[in-house]
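Read off the chains here:
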Amino acid sequence: KLSEHAQLRDFPLIGHTSGNWLELLTRSIQGKRVFEFGSGFGFSAFYFARAVGNAGAVIGAEHDEHELVDFERLYADHPLKKRIDIRLGCAFETFDATEGTFDAILIDVDKEDYPRALEAAIGRTRPGGLIMADNVLWGGKTAYSPDEDDAATIALQAFNKRLFSDSR
């Protein structure tokens, strides 16, 4: 249902393979609390919700109200919905307003915000937890010198350098 909806809207998804990896990695650390920087209509939340189990929670943020309308419709009668809390608003404000640490954090917001999201996530991920990010290779563009006006690639390169240089 989620995939069909994405195809109809030409919405970019992480895809089933990546979703399965999110689920597997979250299960491997016995993750129970997940935060998503950028939730859309809840595609990746589906995989996280399966991973965290009945006592777990997936908290996310989405700035586009129509995505939350779609989330409510698509998950209307689904049992995983009770594990997913996608809030309308800025991901950074939602993250700051949510107390505690997380077992896993997914970064999938505007690419220019990846370095900021990483800095926020590092301090709030439990030891042994995971920080995961989509689009870091950006179709291979991060391996080359970007155009001066390609803010997304420049930000992703900064994100990758920061991530690579951090011993944690």
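This text goes with the structure placed above it.
The paragraphs below set out a description of the structure included in this document. Remember, it's a predicted structure, so these values are computed and weren't measured experimentally.

**Section: a nonpolar patch on the surface**
Reasoning step 1: Together, Trp21, Leu24 and Leu25 make up an exposed nonpolar region whose accessible area comes to about 300 Å².
Reasoning step 2: Checked against the element boundaries, Leu24 lands in helix H2 (residues 15-28).

**Description of the pattern of salt bridges**
Reasoning step 1: Counted under the stated rule, the structure contains 10 salt bridges.
Reasoning step 2: A salt bridge links Lys141 to Asp150, with the shortest nitrogen-to-oxygen separation between them at 3.5 Å.
Reasoning step 3: Asp150 gets classed as buried once you look at its relative accessible area, which sits at 16%.
Reasoning step 4: Residues participating in the shared-partner salt-bridge network are Glu23, Arg27 and Arg50.

**A word on the pairing of strand E3 (residues 84-88)**
Reasoning step 1: Relative to E3, strand E2 (residues 57-62) runs parallel, the two being bridged by 5 bridges. Considered in E3, the bridge of Glu62 is made with Leu88.
Reasoning step 2: Traced from E2 through helix H4 (residues 65-74) to E3, the parallel crossover comes out right-handed.

**A closer look at the sheet that holds strand E1 (residues 33-37)**
Reasoning step 1: Spatial ordering of the open sheet is given by E3-E2-E1-E4-E5, a layout of 5 strands whose pairing is parallel. Only two strands of the sheet have a single neighbouring strand rather than two, namely E3 and strand E5 (125-133). Averaged over all pairs of adjacent strands, the angle between their axes in this sheet comes to 15 degrees, without regard to strand direction.
Reasoning step 2: Taken strand by strand, H2 contacts E1, strand E4 (102-107) and E5, and its axis lies near 175 degrees from that of E5.
Reasoning step 3: The sheet contacts of H4 involve E2 and E3, and relative to E3 the element is tilted by about 155 degrees.

**Observations regarding the nonpolar core**
Reasoning step 1: With 22 residues, the main nonpolar core has Leu22, Val34, Phe48, Val58, Tyr75, Ile84 and Met132 as its most contacted residues.
Reasoning step 2: A total of 7 residues in this core trace back to one element, the largest contributor, which is helix H3 (residues 43-52).
Reasoning step 3: In this structure Ile84 touches Ala45, Phe46, Ala49, Val58, Phe71 and Tyr75, once residues within four positions along its chain are discounted.
Reasoning step 4: Listed in part, the 18 residues of the second largest apolar core include Phe35, Phe37, Ala61 and Ala121.

Calculation notes
- Residues numbered from 1 in each chain as written.
- Predicted model: local features only at pLDDT ≥ 70, side-chain atom pairs only at ≥ 80, totals over all residues.
- Heavy atoms only, no water.
- Patch = residues over 30% accessible without salt bridge, like charges linked within 9 Å, V, L, I, M, F, W, Y side chains within 5 Å.
- Areas by Shrake-Rupley, 256 points an atom, 1.4 Å probe, with all protein chains shown as cover.
- Salt bridge = Lys/Arg side-chain N within 4 Å of Asp/Glu carboxyl O.
- Helix = DSSP H or I, 4+ residues; strand = E, 2+ residues; numbered from the N terminus.
- Buried < 20%, exposed > 50% of the residue type's maximum accessible area, 1.4 Å probe, protein only.
- Pairing = 2+ DSSP bridges.
- Right-handed = clockwise from strand over helix to strand, strands pointing away.
- Axes fitted to C-alpha atoms, helices over the stretch in contact; angles between N-to-C directions.
- Contact = heavy atoms within 4.5 Å.
- Core = buried A, V, L, I, M, F, W, Y, C linked by side-chain atoms within 4.5 Å.

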